[in-house]
Amino acid sequence: MIKNKTIFISGTPCTGKTTLATELASKLSNDGYDCKFIKINDFAIDNNLVEGEDPEKFYKVINIDKLDEYLNLELKDFFDNSDDLSDFCNKIAIVEGHLSHLCHGADKMIVLRLNPSVLEERLNARNYIESKVYENCEAESLAVCSVEAYDIYEEDTHEIDCTNKSIDELVNISLDIINGSSEFPVGNIDFMEWIINN
């Protein structure tokens, strides 16, 4: 039984965060959990935390300190307030997005990893500009999200290599991480070969 936990799912763009988080939230809701699903980018926009746009890289600049503060207030409100439904079931909060690993408050931090060669194909399919494709693949090779997540969450950070896994496999692995029956510690996935060859 999973009891009142907050799960963050992060990773390089196009690693499958939204797909996994959506399926995981659906599975937990169907199993009777009171599940709150927060997409961190939408949350930042809705709370006016965008401070501008990087003129070279074309991404939104988010105030991370305020994002952290607002997110934790939202989570506190979710867990502190109950209704007739939540009195009879456990609560699960799932926070998904590339910035989530820079925020505090997770019981388990899951970072999705993807072979950079596959990531490159996905980014190109989404019409990312060449420099952004390389930048994201380089970050994936260097495990940037995992390193940043580990700085905050240490042993509560888990990496999943989702390169050849189905969504059902990823959901089951995530559930094992959440309930503590499996661990996927940082450092067991090595994609450095891509950056050596590129």
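Conventions we followed
- Residues numbered from 1 in each chain as written.
- Predicted model: local features only at pLDDT ≥ 70, side-chain atom pairs only at ≥ 80, totals over all residues.
- Heavy atoms only, no water.
- Helix = DSSP H or I, 4+ residues; strand = E, 2+ residues; numbered from the N terminus.
- Rg over C-alpha atoms; globule rule 2.2 N^0.38 Å.
- Buried < 20%, exposed > 50% of the residue type's maximum accessible area, 1.4 Å probe, protein only.
- Contact = heavy atoms within 4.5 Å.
- Areas by Shrake-Rupley, 256 points an atom, 1.4 Å probe, with all protein chains shown as cover.
- Lys, Arg positive; Asp, Glu negative; His and termini not counted.
- Charge placed at Lys NZ, Arg CZ, Asp CG, Glu CD.
- 1 Å grid on protein atoms, 1.4 Å probe; cavity = no way out; pocket = protein on both sides within 12 Å on 5 of 7 lines; lining within 4 Å.
- Points joined across faces, edges and corners; volume = space filled by probe spheres on them.
- Nonpolar A, V, L, I, M, F, W, Y, C, P; charged D, E, K, R; others polar.
- Patch = residues over 30% accessible without salt bridge, like charges linked within 9 Å, V, L, I, M, F, W, Y side chains within 5 Å.
- Salt bridge = Lys/Arg side-chain N within 4 Å of Asp/Glu carboxyl O.
- Axes fitted to C-alpha atoms, helices over the stretch in contact; angles between N-to-C directions.
- Parallel < 35°, antiparallel > 145°, perpendicular 65-115°, else oblique.
- Left-handed = near helix turned anticlockwise from the far one by under 90°.
- Phe/Tyr/Trp six-rings, centres within 6.5 Å; stacked < 30°, edge-to-face > 60°.
- Lys NZ or Arg CZ within 6 Å of the ring centre and 35° of its normal.
- Arc of directions from axis to C-beta.
- Polar contact = N/O pair within 3.5 Å; in protein donor to acceptor, adjacent residues only side chain to side chain.

Draft legend 1. Molecular detail of the overall build of the protein. Across its full length, the protein holds 8 helices and 7 strands. In terms of overall dimensions, the protein is globule-like: its C-alpha atoms have a radius of gyration of 17 Å, near the 16 Å expected for 198 residues. Across the 198 residues in the protein, those meeting the buried criterion constitute 44%. Contacts spanning at least 24 positions in sequence make up 78% of the contacts within the protein whose residues lie at least 6 apart. Surface exposure of the protein reaches about 10,500 Å², of which carbon and sulfur atoms provide 44%. Measuring between centres, the 17 positive side-chain charges of the protein sit 3 Å from its 39 negative side-chain charges.

Draft legend 2. Region of interest: the layout of surface pockets. Roughly 1,400 Å³ of internal volume is contained in the largest pocket. Around the largest pocket, the lining is made up of 47 residues, and of these P13, N41, H98, Y128 and N136 lie nearest the centre. When its residues are assigned to classes, the lining of the largest pocket shows 21 nonpolar, 12 polar and 14 charged.

Draft legend 3. Quick look at a negative patch on the surface. Taken together, the side chains of E148, D151, E154, E155 and E183 define an acidic patch exposed on the protein surface. Structurally, E183 is set in the loop between α7 (167-179) and α8 (192-197). Overall, the relative accessible area of 61% leaves E183 in the exposed class.

Draft legend 4. Seen up close, the side chain of T12. You can see T12 is positioned in the loop between β1 (5-11) and α1 (17-30). In this structure T12 comes out as buried when scored by relative accessible area, which is 3%. Residues within four places of T12 in sequence aside, it is in contact with K17, H98, L112, L119, N136, E140 and C145.

Draft legend 5. Expanded view of the packing of helix α4 (residues 116-125) against helix α5 (residues 130-141). It is the contact of α4 with α5, at a shortest axis distance of 9 Å, that shows an interaxial angle of 155 degrees. One way to sum up the angle between α4 and α5 is to call them roughly antiparallel. Both α4 and α5 take part in a crossing whose hand is right-handed. Contacts between α4 and α5 involve P116, L119, E120, L123 and N124 on the former and, on the latter, V133, N136, C137, E140 and S141.

Draft legend 6. Representation of the packing of aromatic side chains. Under the definition given, this model contains 3 aromatic pairs. With a centroid separation of 4.9 Å and an interplanar angle of 65 degrees, the aromatic rings of F78 and F79 are classed as edge-to-face. A relative accessible area of 25% means that F79 is categorised as partly exposed. Look at Y134 and W194: their rings are 5.5 Å apart centre to centre, the planes differ by 40 degrees, and that puts the pair in the tilted class. Pair noted here: Y134 is in helix α5 and W194 is in helix α8, with a separation of 60 residues, a long-range link. Among the residues examined, W194 registers a relative accessible area of 7% and is labelled buried. Its end group placed over the ring of F78, K91 keeps NZ or CZ at 4.8 Å from the ring centre.

Draft legend 7. Region of the structure containing the environment of C137. Take C137: it is sitting in helix α5. Once the C-alpha coordinates of C137 and F191 are considered, the two residues, 54 residues apart in sequence, prove to be 9.6 Å apart.

Draft legend 8. Geometry of α4. Those residues of α4 lying buried are P116, L119 and L123. Along the long axis of α4, the arc covered by the buried residues comes to 50 degrees, so they all point the same way. In α4, the exposed positions angled more than 90 degrees off the buried face are occupied by E121 and A125. Here the buried face of α4 lies against α5 and α8. The N-capping residue of α4, defined by a side-chain oxygen 2.9 Å from the backbone nitrogen of S117, is N115. At the exit of α4 stands N127, carrying a positive phi of roughly 65 degrees.

Keep in mind these values describe shape, not function.
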